[in-house]
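Observations on chain architecture
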Amino acid sequence: MKETIGKYASRPVFFVEAEATVRESLLLMCDKRISCTIVLSHGEPIGILTERDVVFAANWLLGQPGLLVKEVMNKPVLTGSEEMTIAQAYQVFSQHQIRHLVVLDARLDMVGVFTQSDLVRSLREKVFVDVPDISTLMSTQVLHVAPEVPVRYALSLMARRSVSCVVVVEEGCPVGMLTERDVVRLIAKGIDMTLVSVREVMCPTIVTTPVSTAPYSTIDLMKKKAIRRLLVVDAAGEMTGILTQTDLGRILDRRPPQIVNSLLGVPLEGTQVGQRGVV
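For clarity, every value in this text was computed on a predicted model and none was experimentally measured.

1. Comments concerning the pattern of salt bridges
On inspection of all chains with the given rule, the structure shows 14 salt bridges. Where E3 meets K7, a salt bridge forms, and the shortest distance between an N and an O atom there is 3.2 Å. Overall, the relative accessible area of 55% leaves K7 in the exposed class. Between D247 and R250 there is a salt bridge, with its nearest N and O atoms 3.0 Å apart. The class of R250 is partly exposed, set by a relative accessible area of 42%. What emerges from the salt-bridge pattern is a single network uniting E51, R181 and R228.

The structure is reproduced here in structure tokens:
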């Protein structure tokens, strides 16, 4: 039986109206600990607001509590039926450079969101069997800042380098991490990031994993800890890289299309997506 996105999608769908303020959307994301909200107009999905969007638009969002979500959201939002295969969803993610896909049932009602996290989880048993460890998957360039720098500075680095986090390093040792989710929380609270240091708002707990760890083990660890990134250390315990769910998902991009087809068990031709369409 072919694996479908309906099996792995995160449920339920959380949404806001297009006329809602960005702050209302961010507060919802914080409360539900979700990476996106779907934007509706007259009951129809017209856009999506993600944590990554917030990082890129942070300079615009700061100091504008009345800004509407429809002015910031990404549009259009792509949809697919519960019966869309994992292979087809991967193709959509790759072609459109997105990380979220709204899942529709047979009545075209929104029933879930299939995310990059769900994609990685669904591929766990198939695509990593010949990858002995995470050394070829992790990012070796770790963006890091000192704990006393303003959050605004760290945020600008994240936006310029298009990364989901920065590691906070003090005297050569990692002491925390600032992530997209932290940025959403700070903007939702209306905190002036020029006056707050990274130390004051960072997550002080860092989950590490040895560079020799098998990919499927890191997927299990991320799920257990409810996180999307791991700091990778060498045999001496020194920071040597960072592994994110995005890094794990890129493994298919490195393989020839025919190999991808074989691994996923279905040809990729004929994938269809739409704002309210199904495959």
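2. Considering helix α7 (residues 151-161)
Along α7, the residues classified as buried are V151, A154, L155, L157 and M158. Down the axis of α7, the buried set is contained in an arc of 155°. They therefore lie on one face. At the exit of α7 stands S162, carrying a positive phi of roughly 55°.

3. Some remarks on the environment of D133
Take D133: it is sitting in the loop between α6 (116-122) and β7 (144-145). Note: C-alpha distance between D133 and V211 (78 residues apart in sequence) is 6.8 Å. Setting aside its immediate chain neighbours within four residues, D133 contacts V211, S212, T213, A214 and P215.

4. Brief notes about the pairing of strand β11 (residues 229-233)
Among the five residues in β11, five count as buried, and that is most of the element. Burial along β11 is two-sided: the face carrying R229, L231 and V233 and the face carrying L230 and V232 are both buried. The pairing of strand β10 (residues 208-210) with β11 spans three bridges and is classified as parallel. Across the sheet, residue P210 finds its bridge partner in β11, namely V233. After leaving β10, the chain enters helix α10 (residues 215-225) and then returns to the sheet as β11, a path that is right-handed. Pairing analysis gives five bridges linking β11 to strand β12 (residues 239-244), with the strands arranged antiparallel.

5. What about unusual backbone geometry?
Of note, the amide linkage connecting R11 to P12 takes the cis form, showing an omega dihedral of -5°. Mapped onto the elements, P12 comes out in the loop between α1 (5-8) and β1 (15-17). Omega for the bond connecting K75 with P76 falls within 30 degrees of zero, at -5°, which places this linkage in the cis form. Tracing the backbone through its elements, the reader meets P76 in the loop between α4 (58-61) and β4 (79-81). A positive phi angle, close to 55°, is found at R33, a residue other than glycine. Its place among the elements puts R33 in the loop between α2 (22-32) and β2 (36-41). Residue L108 is not a glycine yet carries a positive backbone phi of 70°. Within the fold, L108 resides in the loop between β5 (100-104) and β6 (110-115). Residue classification places L108 among the partly exposed positions, given a relative accessible area of 31%.

The rules behind the values
- Residues numbered from 1 in each chain as written.
- Predicted model: local features only at pLDDT ≥ 70, side-chain atom pairs only at ≥ 80, totals over all residues.
- Heavy atoms only, no water.
- Salt bridge = Lys/Arg side-chain N within 4 Å of Asp/Glu carboxyl O.
- Buried < 20%, exposed > 50% of the residue type's maximum accessible area, 1.4 Å probe, protein only.
- Helix = DSSP H or I, 4+ residues; strand = E, 2+ residues; numbered from the N terminus.
- Arc of directions from axis to C-beta.
- Contact = heavy atoms within 4.5 Å.
- Pairing = 2+ DSSP bridges.
- Right-handed = clockwise from strand over helix to strand, strands pointing away.

Interpretation in functional terms is not warranted from these geometric data alone.
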